[in-house]
Amino acid sequence: MKPGPGLRRHFLQFKDLRAEEYAYLFERTREIKKRFKNYERYQPLVDRTLAMIFEKASTRTRVSFEAGMYQMGGSVVHLTTGDSQLGRAEPVEDSARVISRMVDLVMIRTYEQAKLEGFAAQSRVPVINGLTNEYHPCQILADIYTFIEHRGSIQGKVVAWVGAGNNMANTWLQAADILGFTVHVSTPSGYEADAAVAGVRNPACWKIFDHPLDACAGAHLVTTDVWTSMGYEAENEERRKAFVDWCVDEDMMSAAAPDALFMHCLPAHRGEEVTAEVIDGPQSVVWDEAENRMHVQKALMEYLLLGRIG
Ligand code: CP
Ligand code: NVA
């Protein structure tokens, strides 16, 4: 393993990078995506290895990191709780000491953010959050890039969040604080976003609405997520009742700005958090959003391992 000029920095929360670093990453994403679309080989990460640790299920995160790393000339090691010693209670700090001596970069999807941070504290190499109970920064990176691709800068815009105050909501709030937009949040009672967990410094970057239709009024982007996140399945029935009015439908999209976009990190449940008409309708950009996971993460991996190019 060649020690490169990498940053040795982690991406555990959205606030781990600054606004000007996001501007750089979005520019690199545009370039890296353009090369991919033109079938141009771009392999700056030859001989670099990414370890991916999954303690929860995934489709997009796994495929986007794995395909992205191979496209950039590197390789991946895929571990799950079930097929590694993590599932047999080896301390996460010991796993970090061992794994980070053998690879250049680690991506982890797990439960508590504290576990991810425990790993990162002992890691010799950068660690990326691939989703925790509290945050999903790679997804918001892709979502904001997708917004920029379709509509230009997100600064000063309004994003409506309809649904649970979960890992996606927390990360949207952090991103609003850093990139200068506003989130209109509507959650059922008992499922509010927690400002302390979201880690928002500027309270003006979000507003709370009792009714989801009011949160959507005038919004430039309407977004939602599953009613029950991974790890909370025992609450499924209770949540089904509490969330019944938090289904993004055509009335909500009509209340939003005329050119509003709809996003969902996926997987989606049509008829629960969103109607089929909206997610499969003309304002939905969910497939671009999913594809962009790969392009933004390639830019992120390049940045963490090689620093700024040029
Ligand atoms: N959006 C997202 O992270 O999808 P997966 O759970 O399939 O990785
Ligand atoms: N909030 C969801 C996102 C899935 C990508 C979850 O944590 O399950």
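Residues numbered from 1 in each chain as written. Chains lettered and ligands numbered in written order. Predicted model: local features only at pLDDT ≥ 70, side-chain atom pairs only at ≥ 80, totals over all residues. Heavy atoms only, no water.

A. Just the site of ligand 1, in detail. The local shell around ligand 1 consists of S58, T59, R60, T61, R109, H136, Q139, C265, L266 and R293. Here an oxygen atom of ligand 1 and a side-chain polar atom of T61 are 2.7 Å apart. In the environment of ligand 1, an oxygen atom lies 3.1 Å from a nitrogen or oxygen atom belonging to the side chain of R293. Coverage of ligand 1 by the protein amounts to 96% of the 250 Å² it exposes when considered alone. (Near = heavy atom within 4 Å. Polar contact = N/O pair within 3.5 Å; in protein donor to acceptor, adjacent residues only side chain to side chain. Areas by Shrake-Rupley, 256 points an atom, 1.4 Å probe, with all protein chains shown as cover.)

B. Looking closely at the side chain of S123. Within the secondary structure layout, S123 lies in the loop between helix 4 (113-122) and strand 4 (127-129). On the basis of relative accessible area, S123 is assigned to the buried category, the value being 13%. At 2.6 Å, the side chain of S123 forms a polar contact with the backbone oxygen of V125. Beyond its immediate chain neighbours, meaning those up to four positions away, S123 contacts H10, A96 and S100. (Helix = DSSP H or I, 4+ residues; strand = E, 2+ residues; numbered from the N terminus. Buried < 20%, exposed > 50% of the residue type's maximum accessible area, 1.4 Å probe, protein only. Contact = heavy atoms within 4.5 Å.)

C. Representation of the site of ligand 2 in the model. Near ligand 2 you find L131, N166, N167, D225, V226, S229, M230, C265 and L266, and these make up its full shell. Within the side chain of S229, a nitrogen or oxygen atom sits 2.8 Å from a nitrogen atom of ligand 2. M230 is positioned such that a nitrogen or oxygen atom in its backbone is 2.8 Å from an oxygen atom of ligand 2. When the free accessible area of ligand 2 is taken as 270 Å², the share hidden by the protein chains comes to 94%. Tallied by class, the residues present in the shell around ligand 2 amount to 5 nonpolar, 3 polar and 1 charged. (Nonpolar A, V, L, I, M, F, W, Y, C, P; charged D, E, K, R; others polar.)

D. View of the packing of helix 1 (residues 19-37) against helix 5 (residues 137-151). Look at helix 1 against helix 5: their axes get within 11 Å of each other, and the N-to-C directions meet at 70 degrees. Taken together, the axes of helix 1 and helix 5 are roughly perpendicular relative to one another. Across from Y22, L25, F26, T29, R30 and K33 in helix 1, the residues of helix 5 making contact are L141, I144, Y145, I148 and E149. Residues of the contact of helix 1 with helix 5, tallied by class, amount to 7 nonpolar, 1 polar and 3 charged. (Axes fitted to C-alpha atoms, helices over the stretch in contact; angles between N-to-C directions. Parallel < 35°, antiparallel > 145°, perpendicular 65-115°, else oblique.)

E. Looking closely at the environment of F14. Within the secondary structure, F14 sits in the segment before helix 1. We classify F14 as buried; its relative accessible area is 0%. With 115 residues separating them along the chain, F14 and N129 place their C-alpha atoms 9.4 Å apart.

F. Representation of the confidence of the model for the chain within the structure. Per-residue pLDDT for the chain averages 96, and the proportion of residues at 70 or more is 98%. Contacts from residues 1-5, a stretch scored under 50 in pLDDT, to residues over four places away or in other chains number 9 contacts. (pLDDT = per-residue confidence, 0-100.)

G. Spatial organisation of unusual backbone geometry. Residue P267 is reached from L266 by a cis peptide bond, and omega for that bond is 5 degrees. Position of P267 relative to the elements: it lies in the loop between strand 9 (261-264) and helix 11 (276-279).

H. Geometry of the sheet that holds strand 3 (residues 105-109). Strand order in this open sheet of 4 strands is 2-1-3-4, and the pairing throughout is parallel. Since the sheet does not close on itself, it has two edges, and those belong to strand 2 (75-80) and strand 4, each with one partner. Sheet twist, expressed as the average angle between the axes of neighbouring strands with direction ignored, equals 20 degrees. Two strands pair when backbone bridges link them, and strand 3 and strand 4 are joined in this way by 3 bridges, in the parallel orientation. Residue pairing for strand 4: I108 is matched across the bridge by N129. (Pairing = 2+ DSSP bridges.)

I. Inspection of the pairing of strand 6 (residues 182-186) at higher detail. Among the 5 residues of strand 6, 5 are classified as buried, and the element is accordingly described as predominantly covered. Side-chain alternation along strand 6 places T182, H184 and S186 on one buried face and V183 and V185 on a second face that is also buried. Pairing of strand 5 (residues 158-162) with strand 6 involves 5 bridges; the strand directions are parallel. Paired with W161 across the bridge in strand 6 is V185. Taken together, strand 5, helix 6 (residues 167-179) and strand 6 constitute a β-α-β crossover, and its handedness is right-handed. Judged from the 3 bridges that link them, strand 6 and strand 7 (residues 206-208) form a sheet pairing that is parallel. Each residue of the ladder has a partner; that of H184, found in strand 7, is K207. (Right-handed = clockwise from strand over helix to strand, strands pointing away.)

J. Looking closely at the nonpolar core. If you look at the biggest cluster of nonpolar residues, it comprises 59 residues, and the most contacted ones within it are F11, F14, Y22, I128, I144, W172 and F181. Ignoring anything within four residues of it in the chain, the contact list for I144 reads F14, F26, I154, W172, A175, L179 and F181. Judged by nonpolar contacts, the second largest core, of 22 residues, contains V158, V162, F262 and V274. (Core = buried A, V, L, I, M, F, W, Y, C linked by side-chain atoms within 4.5 Å.)

K. Representation of helix 6 in the model. A rise of 1.5 Å per residue sets the reference length of helix 6, with its 13 residues, at 18 Å; its end C-alpha atoms lie 18 Å apart and thus fit the reference within 8%. Regarding helix 6, its N-cap is N166, as a side-chain oxygen of that residue lies 3.0 Å from the backbone nitrogen of M168 further along. Trailing helix 6 by a residue or two, G180 shows a phi angle of about 80 degrees, which is positive. (Expected span 1.5 Å × (residues − 1).)

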